[in-house]
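Descriptive analysis of the structure
Here are the chains, one letter per residue:
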Amino acid sequence: MKIEVNAMGDACPIPVVKTKNAIRELNGPGVVRTAVDNEIAVQNLTKMANQKGYGVKSEKEAGGRFYVTMTIGEGAPEPPEAETCLVAPQDGAKQRKVVVAVSSAQMGSGSEELGRTLLKGFIYALGQQDQLPETILFYNGGASITCEDSPALEDLRSLEAQGVEILTCGTCLNFYGLTDKLQVGGVTNMYTIVEKMTGAGLLVKP
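Conventions we followed
Residues numbered from 1 in each chain as written. Predicted model: local features only at pLDDT ≥ 70, side-chain atom pairs only at ≥ 80, totals over all residues. Heavy atoms only, no water. Helix = DSSP H or I, 4+ residues; strand = E, 2+ residues; numbered from the N terminus. Buried < 20%, exposed > 50% of the residue type's maximum accessible area, 1.4 Å probe, protein only. Areas by Shrake-Rupley, 256 points an atom, 1.4 Å probe, with all protein chains shown as cover. Phe/Tyr/Trp six-rings, centres within 6.5 Å; stacked < 30°, edge-to-face > 60°. Lys NZ or Arg CZ within 6 Å of the ring centre and 35° of its normal. Pairing = 2+ DSSP bridges. Right-handed = clockwise from strand over helix to strand, strands pointing away. Axes fitted to C-alpha atoms, helices over the stretch in contact; angles between N-to-C directions. Salt bridge = Lys/Arg side-chain N within 4 Å of Asp/Glu carboxyl O. Core = buried A, V, L, I, M, F, W, Y, C linked by side-chain atoms within 4.5 Å. Contact = heavy atoms within 4.5 Å.

What follows deals with the overall build of the protein chain. For the protein chain, the count of helices and strands is six helices and nine strands. Across the 206 residues in the protein chain, those meeting the buried criterion constitute 40%. Per element, the accessible surface of the protein chain, about 11000 Å² overall, is 48% carbon and sulfur.

What follows is the structure in C-alpha cells.
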C-alpha cells in the first residue's frame with residue numbers, strides 16, 4: 001500500500017504530523033511519500049524515519065518541490081508524536097500534570113514574524129500529543145492569542161474540546177483593550193495563575 005501526503009506550504013510541525021498520521025493509516029508495511037517545499041521539512045522527516053528505522057530517501061524536483069519517501073516494513077513501530085518539550089511518563093508512572101504558560105504573542109526572541117509562526121506551530125503540536133496539557137495559561141502579550149484575529153483560535157478550540165482548560169489573565173485583557181474580544185476559554189486572575197503554575201508537575205513555557 002502506498003499513501004501520498006501533500007504537505008506543500010505547510011509549516012513545522014505539520015509535515016511531520018501529516019506523515020505520522022499516514023503511517024498509522026497504513027497499519028502495517030507500506031510506503032508513504034510526502035511532498036514538501038523546503039529542505040528543513042525534508043530534514044525533519046528524514047530524522048523521524050531514521051529514529052524509527054524506516055527506509056527513507058528524498059528527491060528534489062524543479063520548482064522547489066521535494067519528495068520524502070518512507071518504506072515501513074513488517075512490525076514497524078508507530079511514529080513518534082510531533083516534537084515538543086512535553087515528555088511521556090516512564091515505566092507506567094502516573095502522568096504528571098502539565099501546565100503551559102504563554103506570556104507572549106511570539107515564541108523566542110529575534111524576528112517577530114517568525115516568533116508568531118513558531119508559537120502557532122507550538123500550539124498546533126500540543127494538540128497532537130498523547131498527553132495533553134491540563135491547562136494553558138495566557139498572560140501579558142500572550143493574552144492576544146485567545147482573542148479575535150488570532151491565527152491559533154482553531155487549534156485552541158480543538159484543545160478545549162478535548163478537555164484542556166484555557167485561561168487568560170483578566171488584568172492583561174483589560175490592559176490591552178481586549179476584554180470584549182476573548183474568543184476561547186475563560187478569564188482568570190493572578191492568584192489562579194500562580195496556583196496552577198505551582199501545582200504543575202511539569203510547567204512548559206514556550
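Read on, since the account is not over.
Think of a pair of aromatic rings as described by two things: how far the centres are apart, and how the planes are tilted against each other in angle. Per the counting criterion, the structure on display carries one aromatic pair. Positioned over the ring face of Tyr67 is Arg33, at 3.9 Å from the centre of the ring.

Right, let's talk about the pairing of strand β6 (residues 135–138) for a bit. Burial of the side chains of β6 extends over both faces: Thr135 and Leu137 are buried on one face and Ile136 and Phe138 on the other. As judged from the four bridges shared by strand β5 (residues 98–102) and β6, these two strands associate in the parallel manner. For Val100, the partnering residue across the bridge sits in β6 and is Ile136. Between the parallel elements β5 and β6, the chain passes through helix α3 (residues 112–126) in a crossover that is right-handed. The sheet contact formed by β6 and strand β7 (residues 165–169) spans four bridges and is parallel. Note that in β7 the partner of Ile136 across the bridge is Ile166.

With that out of the way, let us pick up the sheet that holds strand β8 (residues 186–188). Pairing is parallel across the open sheet formed by five strands, whose spatial order is β8-β7-β6-β5-β9. For this open sheet the edge positions go to β8 and β9 (202–204), each flanked by a neighbour on one side alone. Strand-to-strand, the axes of this sheet are offset by a mean angle of 25°, without reference to chain direction.

Quick look at the pattern of salt bridges now. Counted according to the given criterion, the structure contains seven salt bridges. For Asp155, the salt bridge is made with Lys120, and the minimal N-O distance between the two is 3.8 Å. Linking Asp155 in helix α4 (residues 153–161) with Lys120 in helix α3, this pair joins segments that are 35 residues apart in sequence. Look at Lys120 and you get partly exposed, because its relative accessible area is 32%.

Counting 20 residues, the largest nonpolar core has Val100, Ile123, Ile136, Ile145 and Leu156 as its most contacted members. The element best represented in this core is α3, accounting for four residues. Excluding residues that lie within four positions of it along the chain, Ile136 makes contacts with Val100, Val102, Leu126, Leu156, Leu159, Val164, Glu165, Ile166 and Leu167. Counting 19 residues, the second-largest nonpolar core is a separate cluster that includes Ala22, Val32, Phe66 and Val68.

This part covers the pairing of strand β2 (residues 30–36). Of all seven residues making up β2, five are buried, and the element is well covered by its neighbours. Examined bridge by bridge, strand β1 (residues 2–6) and β2 share five bridges and lie parallel to one another. By the bridge assignment for β2, Glu4 is matched with Arg33. Between the parallel elements β1 and β2, the chain passes through helix α1 (residues 14–26) in a crossover that is right-handed. Strand direction decides the pairing type here: β2 and strand β4 (residues 65–72), joined by seven bridges, are antiparallel.

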